[in-house]
Amino acid sequence: MKVISVKTSTEYNVYIGSGLAGRVGEMLAETTSPCTAFVISDENVFRLYGERVLASLANAGFRTGTFVFEPGEQSKNIETYGKIVEKMAREKLTRSDVVIALGGGVTGDISGFAAATFLRGIKYVQVPTTLLAAVDSSVGGKTAIDLNAGKNLLGAFWQPAAVFCDTDTFSTLPEAEYLNGCAEIIKYGMLGSEELFESVAALPVSLHYDAVVAKCVDMKREIVENDEFDRGGRMVLNLGHTVGHAIENKSGYMVPHGMAVAAGMCVITRAAENLAFAEKGTAERLLRVIREYGLPDGTSAPAGFPEEELAGFSAESLFEAAMNDKKASGSKLTLAVPKRVGECALLTIEKSEFIDWLRAGGLK
Ligand SMILES: NC(=O)c1ccc[n+]([C@@H]2O[C@H](COP(=O)([O-])OP(=O)(O)OC[C@H]3O[C@@H](n4cnc5c(N)ncnc54)[C@H](O)[C@@H]3O)[C@@H](O)[C@H]2O)c1
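Residues numbered from 1 in each chain as written. Predicted model: local features only at pLDDT ≥ 70, side-chain atom pairs only at ≥ 80, totals over all residues. Heavy atoms only, no water.

1. Concerning unusual backbone geometry
Consideration 1: Of note in this structure, Asp230 is not a glycine but carries a positive phi near 60 degrees.
Consideration 2: Relative to the assigned elements, Asp230 resides in the loop between helix H8 (209-226) and helix H9 (241-250). (Helix = DSSP H or I, 4+ residues; strand = E, 2+ residues; numbered from the N terminus.)

2. Things to note about the domain arrangement of the protein chain
Consideration 1: Here the domain parsing of the protein chain yields domain 1 (2-172) and domain 2 (229-360).
Consideration 2: Placing the centre of domain 1 and that of domain 2 at their C-alpha centroids yields a distance of 30 Å.
Consideration 3: Facing the ten residues of domain 1 at the interface are seven residues of domain 2.
Consideration 4: For the pair domain 1 and domain 2, the summed buried surface comes to about 750 Å²; carbon and sulfur atoms form 60% of the total.
Consideration 5: When the area that domain 1 buries against domain 2 is broken down by residue, the three leading residues are Lys142, Lys151 and Phe157, summing to 50%.
Consideration 6: Counting the contacts that link domain 1 with domain 2 gives one salt bridge. (Domains from an automatic or database assignment. Contact = heavy atoms within 4.5 Å. Buried area = accessible area lost by both parts, 1.4 Å probe. Salt bridge = Lys/Arg side-chain N within 4 Å of Asp/Glu carboxyl O.)

3. Quick look at the site of the ligand
Consideration 1: Among the 26 residues in the neighbourhood of the ligand, the closest are listed as Asp42, Glu73, Gly105, Thr130 and Thr172.
Consideration 2: In the environment of the ligand, an oxygen atom lies 2.7 Å from a nitrogen or oxygen atom belonging to the side chain of Asp42.
Consideration 3: A distance of 2.7 Å is found between a nitrogen atom of the ligand and a side-chain nitrogen or oxygen belonging to Thr172.
Consideration 4: The protein chains hide 87% of the 860 Å² of surface that the ligand would expose on its own. (Near = heavy atom within 4 Å. Polar contact = N/O pair within 3.5 Å; in protein donor to acceptor, adjacent residues only side chain to side chain. Areas by Shrake-Rupley, 256 points an atom, 1.4 Å probe, with all protein chains shown as cover.)

4. Description of the packing of helix H6 (residues 175-192) against helix H10 (residues 257-274)
Consideration 1: Between H6 and H10, the shortest axis-to-axis distance is 7 Å and the interhelical angle comes to 30 degrees. Taken together, H6 and H10 sit at an angle that is classed as roughly parallel. Note that H6 runs across H10; the crossing there is left-handed. Facing Asn180, Ala183, Glu184, Ile186, Lys187 and Met190 of H6, the residues of H10 in contact are His257, Gly258, Met259, Val261, Ala262, Met265 and Thr269.
Consideration 2: Residues that form the contact of H6 with H10 fall into these classes: seven nonpolar, four polar and two charged. (Axes fitted to C-alpha atoms, helices over the stretch in contact; angles between N-to-C directions. Parallel < 35°, antiparallel > 145°, perpendicular 65-115°, else oblique. Left-handed = near helix turned anticlockwise from the far one by under 90°. Nonpolar A, V, L, I, M, F, W, Y, C, P; charged D, E, K, R; others polar.)

5. Focus on H8
Owing to its 3.6 residues per turn, the α-helix brings residues three or four apart onto one side.
Consideration 1: The end-to-end C-alpha distance of H8, which contains 18 residues, comes to 26 Å, matching closely the 26 Å that a straight helix rising 1.5 Å per residue would cover.
Consideration 2: Residues Tyr209, Val212, Val213, Ala214, Cys216, Val217, Met219, Lys220, Arg221, Ile223 and Val224 constitute the buried set of H8.
Consideration 3: Contacts made by the buried residues of H8 are with strand S1 (2-7), strand S2 (11-17), helix H5 (131-137), strand S9 (162-166), H6 and helix H7 (194-202). (Expected span 1.5 Å × (residues − 1). Buried < 20%, exposed > 50% of the residue type's maximum accessible area, 1.4 Å probe, protein only.)

6. A few points about the packing of aromatic side chains
Consideration 1: Summed over all chains, the structure comprises six aromatic pairs.
Consideration 2: On the numbers, 5.0 Å between centres and 70 degrees between planes, the contact of Phe170 with Tyr209 is edge-to-face. Here Phe170 is found in the loop between S9 and H6, whereas its partner Tyr209 is found in helix H8, with 39 residues between them in sequence. The pair Phe170 / Tyr209 is uniform in exposure class, with both members buried.
Consideration 3: Between Tyr178 and Tyr209 the ring centres are 6.5 Å apart and the planes differ by 85 degrees, which places this aromatic pair in the edge-to-face class. (Phe/Tyr/Trp six-rings, centres within 6.5 Å; stacked < 30°, edge-to-face > 60°.)

The following block contains the structure:
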């Protein structure tokens, strides 16, 4: 088992290894007196891992409660949030109790937000079961739900008390969810570690989960410790995301997040090289790995999408989507731009210049 200590406004450990879902109770008991552990999960994850986590909590002396919701981003909303906190109130949770977020990023985000706001904040722990949640959303304390006006518009910074990442749970991930996580991992390699990049180029992520997740978590730890409240440096994590969000938006959220980020990363890297920000050969190295994983490169339709859908992903249409992004206010846009494999910088441009970046990135 690997342990990474995150030193933000509150300090906590991220535990990464095999069999941890069945040890949540025992490990939580080391720092938490017997209390109510309120497990929040979606139906898919609860069916697979709910009993294991509940049994471990009960064995360690915790009283348990549960809230299980329909899987998917469409559940990360005010309605589900309302049902969660009402149930927490009915179960008489106090500030001495703990919420357990068992699942992917949707579960982590909504559970974290419920924990951040219920009684003005109670303790929660993350038990990430998707690769994306393991390497990204479970660490760093960003919690949120979606509003009709846009994704993640209602949220809070609220750090977990611990993260228990059981890498065995990834064995049941659908292929698309595995690939979502791989895209984010390749992103970590691009933005800050050539060694990680080369290691996942040489060996599929699934063959060395513990080492790969630990490296990504350690990178996220450093970024978050330097910018807990997302005022600057944390924005490097957005590499590929400005274009990626526009692709997701234009496809009506049919293109999965990881595929959109992979395509976005390729577009921005090609542009960076063509505009002489990145070293020659950077895009070619990225494209080789992206294609190896079967992820889209931004100039061909993602797997399962007809080529004609690419019309929706033209430079003009993605520019329009990016300009309408509710979070991109003002006349400027900050982009995470690769300089070479393993290094990226933040670059603020006029929003109107973004179209040139999309075209330089190979979009028609
Ligand atoms: N808070 C942050 O810093 C942060 C960072 C990145 C993304 N996010 C958020 O994360 C969310 C996406 O997370 P996600 O991709 O994990 O989505 P998700 O939680 O919806 O999980 C994806 C699917 O996989 C299923 N699943 C989860 N674990 C499984 C397992 N082990 N075996 C089988 N099926 C499993 C789920 O039921 C779901 O259907 C988005 O809402 C995004 O905004 C947050």
